[in-house]
Amino acid sequence: MRQEVRCRKSEVRRRMSEVRSSIIARILRTSETFRLPESDLRHLTSGLLIFAAMTQVFLNRKISFRIANGHPWIFNNEVNRIEGEVTPGQTVEVYGHDKKFVGKGYINPQSQIIVRLLTRNKSEEINEQFFLDKIKQCWEYRQKTGYTENCRLVFGEADSMPQLIIDKFNDYFVIQTLALGIDVWKPAIVNALNTIFKPKGIYERNDVPVRELEGLPQQKGFLSAPFDTKIIINENGLKFYVDVENGQKTGYFLDQQDNRKAIQHIVKGADVLGAFTYTGTFEIHAAHYGAKSVLGLDISANAVQQANDNAALNGVGDRCKFEAANAFDVLKQWGKEGRQYDVVMLDPPAFTKSRETIQKAITGYKEINLRGMKLVKPGGFLVTSSCTNLVNPELFLQTIDMAAKDARRKIRQVCFQTQSSDHPIIWNLENTQYLKFLIVQVL
Ligand code: SAH
């Protein structure tokens with residue numbers, strides 16, 4: 001009798017596994033939206049199906065301290081064996097060598113990071129409700145910390161939703177799903193946003209090369225009814241155009257929103273030079289806070305156009321101008337000419353994403369800060385940032401110190417900050433603390 005029950009269970013398991021695989025395979029074959037009979041959707045979300053056929057990943061004997069300590073990534077070489085079939089993007093259970101439950105996450109054998117964990121709770125099902133609950137939790141955190149109008153609503157790993165980015169620009173949302181296992185949940189994520197916020201629009205900015213490491217295409221487009229993709233946001237009492245379709249990244253750098261306020265006092269009555277301005281947010285803040293003149297430089301003609309539009313939008317176009325230029329060349333040239341400013345602001349893009357080229361990145365930071373410092377009048381200020389996450393805060397400060405020594409200038413730290421709290425930092429999850437923002441007085 002017992003034997004008979006076991007046989008039936010295994011048959012059920014096999015059949016369920018087949019049904020689920022065929023549904024997921026059909027979803028993965030489609031590019032954007034997909035149609036499924038309601039019965040299939042029920043299968044996918046019921047949990048019964050997932051229970052019946054959850055693939056199990058067993059880690060090597062020596063589980064890394066990183067994973068034990070809460071890090072959500074599992075690399076290929078940390079896996080001992082996999083029991084069950086592997087459908088890329090599906091949810092799997094992860095166990096230690098001793099068969100102790102570690103967590104549940106999504107698998108992609110094509111990626112070096114084979115599993116990214118979504119939960120450490122065995123009884124938590126990864127389904128549509130999971131994403132609704134998670135996004136609600138993210139929203140609660142932003143509300144509690146005072147980031148409501150515009151914020152990074154979901155900051156990937158730091159919100160336990162690996163590789164998912166959602167930026168909120170008042171009633172509009174921009175989404176990036178940067179791994180296959182999160183990309184398959186895009187319809188659930190969009191549903192969650194619709195349920196919680198009733199947004200005016202949702203846009204996908206998945207035109208990001210890193211998706212190719214996951215076997216995903218680069219793409220962008222509407223995930224809601226179409227809308228005018230050039231929207232206007234308010235920040236610190238100022239207005240900025242955000243081009244969610246063609247702007248850089250998701251269209252706007254929300255991570256600097258608190259740091260833009262930090263320049264309030266030092267720019268009063270000042271001649272200000274900004275480099276790497278993008279759409280001119282720091283520079284327009286400077287003009288608003290009472291700078292006498294502001295000149296901003298960016299290599300992108302499109303960014304310069306938007307920055308000038310933003311200056312006009314805030315009624316500071318007479319004192320705040322933007323020009324297209326390569327900041328490395330121009331700052332060097334102006335240093336030779338002996339030009340001087342009260343405040344110089346630098347916010348370059350990330351200089352590297354790989355450890356192999358970190359030395360080159362440091363050389364770049366030293367060079368640009370050295371050139372910037374030479375343009376600061378004695379007693380003036382250098383406002384400098386770095387968003388390269390491989391350059392940790394200590395290394396960044398050391399680099400600025402080296403630049404000061406080479407420029408033969410003494411510096412005093414005014415403030416040293418990081419990204420705004422809507423991009424929370426998880427200790428021991430190094431990628432979550434990436435922004436360094438420093439103001440020094442240059443004596
Ligand atoms: N400070 C901006 C963000 C800057 S992002 C903000 O708060 O919104 C970095 C910018 O540097 C991008 O707009 C990019 O176009 C620009 N950039 C990259 N290389 C450059 C170079 N060599 N010279 C000038 N600008 C450059």
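All of these numbers come straight from a predicted model, not from anything done at the bench. Along each chain, the written sequence defines residue order, and numbers are assigned to residues from 1. Restriction of local features to residues with pLDDT of at least 70 applies here, the model being predicted, together with a cutoff of 80 or more for giving and counting side-chain atom pairs; totals for whole chains, interfaces and linings are based on all residues. Remark: hydrogens and water are excluded; side-chain values derive from all non-hydrogen atoms of the structure.

Asker: Before we go on, may I ask you to explain the sheet that holds strand E2 (residues 73-75) in this structure?
Answerer: For sheets, the rule is that strands pair by backbone hydrogen bonds, running either parallel or antiparallel. Taken together, six strands build an open sheet; the order of strands is E2-E6-E5-E4-E1-E3 and the sheet is mixed. Of all strands in the sheet, those with a lone pairing partner are E2 and strand E3 (79-83), marking the two edges. Sheet twist, expressed as the average angle between the axes of neighbouring strands with direction ignored, equals 35°. Where E2 lies against strand E6 (residues 113-119), three bridges are found, and the strand directions are antiparallel. In the strand pairing of E6, Ile74 is matched with Val115. For two strands to be treated as a pair, DSSP must find no fewer than two bridges joining them. Here a strand is any run of E in DSSP of at least two residues, a helix any run of H or I of at least four, and the numbering for each starts at the N terminus. Here an axis means a line fitted to C-alpha atoms, over the contact stretch when the element is a helix, while the angle between two N-to-C directions is reported on a 0 to 180 degree scale.

Asker: Before we go on, may I ask you to explain the environment of Asn150 in this structure?
Answerer: Tracing the backbone shows Asn150 in strand E7 (residues 150-155). For Asn150, a relative accessible area of 6% corresponds to the buried category. Separated by 22 residues in the primary sequence, Asn150 and Tyr172 place their C-alpha atoms 9.2 Å from one another. Contact between two residues is taken to exist if any of their heavy atoms lie within 4.5 Å; hydrogens are not considered. Apart from the residues within four sequence positions on either side, Asn150 is in contact with Lys168, Phe169, Asn170, Ile233, Asn234, Leu254 and Gln257. We call two N or O atoms a polar contact when they sit within 3.5 Å, provided that within protein one can donate a hydrogen and the other can accept it, with sequence-adjacent residues counted only if both atoms are side-chain atoms. Among the polar contacts made by the side chain of Asn150, one reaches the main-chain amide nitrogen of Asn170 at a distance of 3.1 Å. Within the structure, the side chain of Asn150 is placed 2.7 Å from the backbone oxygen of Asn234, a separation counted as a polar contact. Each residue is assigned to one of three classes by its accessible area relative to the maximum for its type, calculated with a 1.4 Å probe on protein chains only: buried under 20%, partly exposed between the two thresholds, exposed over 50%.

Asker: What's the story with helix H11 (residues 327-337) in this structure? I'm lost.
Answerer: Along an α-helix, residues three or four positions apart point the same way, because every turn accommodates 3.6 residues. The set of residues buried in H11 consists of Ala327, Val330, Leu331 and Trp334. Each buried residue of H11 sits inside an arc of 95° when the element is viewed along its axis, so together they form one side. Pointing more than 90 degrees away from the buried face of H11 are the exposed residues Asp329 and Lys336. Summarising the contacts, the buried residues of H11 are in contact with strand E14 (271-275), strand E15 (293-298), strand E17 (341-346) and helix H12 (358-374). The N-capping residue of H11, defined by a side-chain oxygen 3.0 Å from the backbone nitrogen of Phe328, is Asn326. One or two positions beyond H11, positive phi appears at Gly338, with a value near 80°. What the arc covers is the set of directions going from the helix axis to the C-beta atoms.

Asker: Would you take a moment to explain the site of the ligand for this structure?
Answerer: To be near a molecule or strand, a residue needs just one of its heavy atoms within 4 Å of it. Looking at the ligand, there are 17 residues lining it, with Arg260, Thr281, Asp298, Ala327 and Asp347 nearest. Between an oxygen atom of the ligand and a side-chain N or O atom of Arg260, the distance comes to 2.9 Å. All accessible-area figures derive from a Shrake-Rupley calculation using a 1.4 Å probe, and residue coverage is judged against the displayed protein chains alone. For the ligand, whose accessible area on its own is 590 Å², the fraction buried by protein is 90%. Among the elements of the structure, helix H9 (281-288) and H11 are those that each provide at least two residues to the shell around the ligand. Of the residues that constitute the shell around the ligand, the class distribution is nine nonpolar, five polar and three charged. Lys, Arg, Asp and Glu make up the charged group, whereas Ala, Val, Leu, Ile, Met, Phe, Trp, Tyr, Cys and Pro make up the nonpolar group; the residues left over, Gly among them, are polar.

Asker: I tried to follow the nonpolar core on my own but got confused; where do I start?
Answerer: One broad rule of soluble globular proteins: the nonpolar side chains tend to lie buried together. Core analysis: the biggest nonpolar cluster contains 38 residues, and Phe169, Ile263, Val267, Val272 and Val343 have the highest contact counts within it. If near-sequence neighbours (up to four positions away) are discounted, Val272 is found in contact with Val267, Ala286, Ala291, Ser293, Val294, Leu295, Tyr341, Val343 and Met345. By nonpolar core is meant a set of buried Ala, Val, Leu, Ile, Met, Phe, Trp, Tyr and Cys residues that side-chain atoms within 4.5 Å join together. Among the nonpolar cores identified, the runner-up in size contains 32 residues, and Ala325, Leu346, Val391 and Phe396 belong to it.

Asker: Teacher, can you tell me more about H12 here?
Answerer: Taking 1.5 Å per residue as the helical rise, H12 with its 17 residues ought to reach 24 Å, and the 24 Å between its terminal C-alpha atoms agrees with that figure. The complete set of buried residues in H12 reads Ile358, Ala361, Ile362, Gly364, Tyr365, Ile368, Asn369, Leu370, Arg371, Gly372 and Met373. Those residues of H12 that are buried are in contact with H11, E17, strand E18 (376-386), helix H13 (393-407), strand E19 (411-417) and strand E20 (436-442). Every helix has an expected span of 1.5 Å times one less than the residues it contains.

Asker: Can you help me understand the confidence of the model for the protein chain in this one?
Answerer: In regions of low pLDDT, the predicted coordinates are not meant to be interpreted in detail. For every residue, the predictor states its confidence as a pLDDT score lying anywhere from 0 to 100. Model confidence for the protein chain is summarised by a mean pLDDT of 91, while 88% of its residues fall at 70 or above. Under a pLDDT of 50 for its full length, residues 1-7 has, in the predicted model, zero contacts with residues more than four places off or in other chains. Here residues 46-51 is a poorly scored stretch, pLDDT under 50, and it has nine contacts once near neighbours within four places are set aside; other chains count.

Asker: Help me out: how do you make sense of the sheet that holds E7 in this one?
Answerer: Taken together, five strands build an open sheet; the order of strands is E7-E8-E9-E10-E11 and the sheet is mixed. The open sheet is flanked by E7 and strand E11 (219-222), the only strands paired with a single partner. Between one strand axis and the next, the sheet turns through 15° on average, direction left out of account. Sheet topology places strand E10 (residues 201-206) next to E11; four bridges connect them, and they run antiparallel.

Asker: Could you clarify how one ought to interpret the packing of H11 against H12 in this entry?
Answerer: Two numbers describe a pair of packed helices, the interaxial angle and the distance between the axes. Where H11 contacts H12, the two axes come as close as 9 Å, and the packing angle between them is 40°. Compared by their axis directions, H11 and H12 come out oblique. Crossing of H11 against H12: the hand is left-handed. Residue-level contacts link Ala327, Phe328, Leu331 and Lys332 of H11 to Gly364, Glu367, Ile368, Arg371 and Gly372 of H12. Here the contact of H11 with H12 is composed, by residue class, of four nonpolar, two polar and three charged. Reported orientations rely on four angle classes, namely roughly parallel under 35 degrees, roughly antiparallel over 145, roughly perpendicular from 65 to 115, and oblique for the rest. Each crossing gets its hand from how the near helix is turned against the far one by less than a right angle, where anticlockwise is left-handed and clockwise is right-handed.

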